[in-house]
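As a plain string of letters, each chain reads:
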Amino acid sequence: MVPALLTVVLQELEKSSSSSMQQLVGLFKSFLDTGKWGYIMLRSLIQNETEERSIIDSMVEFVVLKGPSHVLYTSFRLLMQILYDVDLLSEEVLLEWAQTAEEGEGTGNDRGGGFDEDGGHRGHPGVTPEARRALMLEPQLQAFFAWLQEDEEDDSDEDDEDDDDDDESDSD
């Protein structure tokens, strides 16, 4: 589904006289506004964390196949953030995916194309673990993951403070 959405975005982008990152991001965001067809389709497909990871994996494949000089590659961090901002991807899944990629384990789709014994998608044969890792190591994407990690730590600190407040009110 994500490759289809990105293809439509790219087709719309080709209709304009230039293909800037700003235009690409604006189009992607407009297709994912709540109530728009892109959001509705993706929301209906994402029922659990496995499906969130599948969205990330399919997006990575599509972007990597376009190559590092393509506007999709250079916009990848912003596209991921849009999916996060509209609550299609959770902080937990994004951070788990980032950690897996950083540890060099890939995203589970590093075995070439086709399907595995369980019927799961194995990934495009043209997308190597090295190409996935290169995308993962992009400085802007790393900054996004650092921001998510800080946000998660802040949330966890607030939860701890709330627990402390509850303890104090219990002793009154």
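Owing to the predicted nature of the structure, the values given are computational and were not obtained by experimental measurement.

Here the focus is the pattern of salt bridges. Counted according to the given criterion, the structure contains four salt bridges. The salt bridge partner of Arg-53 is Glu-49, with a shortest N-O separation of 4.0 Å. Taken together, the residues Arg-53 and Glu-49, both in helix H4 (residues 49–66) and four residues apart, mark about one turn of the helix. Overall, Arg-53 belongs to the partly exposed group, its relative accessible area being 24%. For Glu-49, a relative accessible area of 40% corresponds to the partly exposed category. Here Glu-61 ties to Arg-132 by a salt bridge, and the two come within 3.4 Å at their closest N and O atoms. With Glu-61 in helix H4 and Arg-132 in helix H7 (residues 129–136), this residue pair connects regions lying 71 residues apart in the sequence. Of the two residues, Glu-61 and Arg-132, neither departs from the other in class, the shared state being buried. Ionic contacts of the salt-bridge type, sharing partners, join the residues Glu-49, Arg-53 and Glu-96 into one network.

Our next topic: unusual backbone geometry. Not every positive phi belongs to a glycine, and Asp-87 is a case in point at roughly 65°. By the element assignment, Asp-87 lies in the loop between helix H5 (71–85) and helix H6 (91–102).

Further remarks concern the packing of H4 against H7. When two helices pack together, their arrangement is captured by the angle between the axes and the distance separating the axes. At a minimum axis separation of 10 Å, H4 and H7 run at an interaxial angle of 100°. Looking at the two axes, H4 sits roughly perpendicular to H7. From H4, Asp-57, Val-60, Glu-61, Val-63 and Val-64 reach across to H7, where they touch Ala-131, Arg-132 and Leu-135. A breakdown of the residues in the contact of H4 with H7 according to their chemical character gives five nonpolar, no polar and three charged.

It is worth spelling out the nonpolar core at this point. By size, the foremost hydrophobic cluster in this structure holds 46 residues, and its most contacted members are Phe-28, Met-80, Leu-83, Leu-94 and Phe-145. At the level of secondary structure, the elements contributing two or more residues to this core comprise helix H1 (2–15), helix H2 (21–31), helix H3 (37–45), H4, H5, H6, H7 and helix H8 (139–170). Take this core: its biggest share by element is nine residues, from H5. Excluding residues that lie within four positions of it along the chain, Phe-145 makes contacts with Leu-94, Leu-95, Trp-97, Ala-98 and Met-136.

This part is about a negative patch on the surface. Together, Glu-92, Glu-150, Glu-153, Asp-154 and Asp-155 make up a negatively charged patch on the protein surface. Here the negative patch takes four residues from H8, the largest share from any one element. Of note, Glu-150 is situated in helix H8. By relative accessible area, which is 48% here, Glu-150 ends up partly exposed.

This part takes up the confidence of the model for the chain. Taken as a whole, the chain shows an average pLDDT of 80; of its residues, 77% reach a score of 70 or greater. Looking across the chain, the model is least confident in H8, with a mean pLDDT of 75, and most confident in H5, with 93. A low-confidence stretch, residues 107–121 (pLDDT under 50), is modelled with 32 contacts involving residues beyond four sequence positions or located in other chains.

Parameters and conventions
Residues numbered from 1 in each chain as written. Predicted model: local features only at pLDDT ≥ 70, side-chain atom pairs only at ≥ 80, totals over all residues. Heavy atoms only, no water. Salt bridge = Lys/Arg side-chain N within 4 Å of Asp/Glu carboxyl O. Helix = DSSP H or I, 4+ residues; strand = E, 2+ residues; numbered from the N terminus. Buried < 20%, exposed > 50% of the residue type's maximum accessible area, 1.4 Å probe, protein only. Axes fitted to C-alpha atoms, helices over the stretch in contact; angles between N-to-C directions. Parallel < 35°, antiparallel > 145°, perpendicular 65-115°, else oblique. Contact = heavy atoms within 4.5 Å. Nonpolar A, V, L, I, M, F, W, Y, C, P; charged D, E, K, R; others polar. Core = buried A, V, L, I, M, F, W, Y, C linked by side-chain atoms within 4.5 Å. Patch = residues over 30% accessible without salt bridge, like charges linked within 9 Å, V, L, I, M, F, W, Y side chains within 5 Å. Areas by Shrake-Rupley, 256 points an atom, 1.4 Å probe, with all protein chains shown as cover. Lys, Arg positive; Asp, Glu negative; His and termini not counted. Charge placed at Lys NZ, Arg CZ, Asp CG, Glu CD. pLDDT = per-residue confidence, 0-100.

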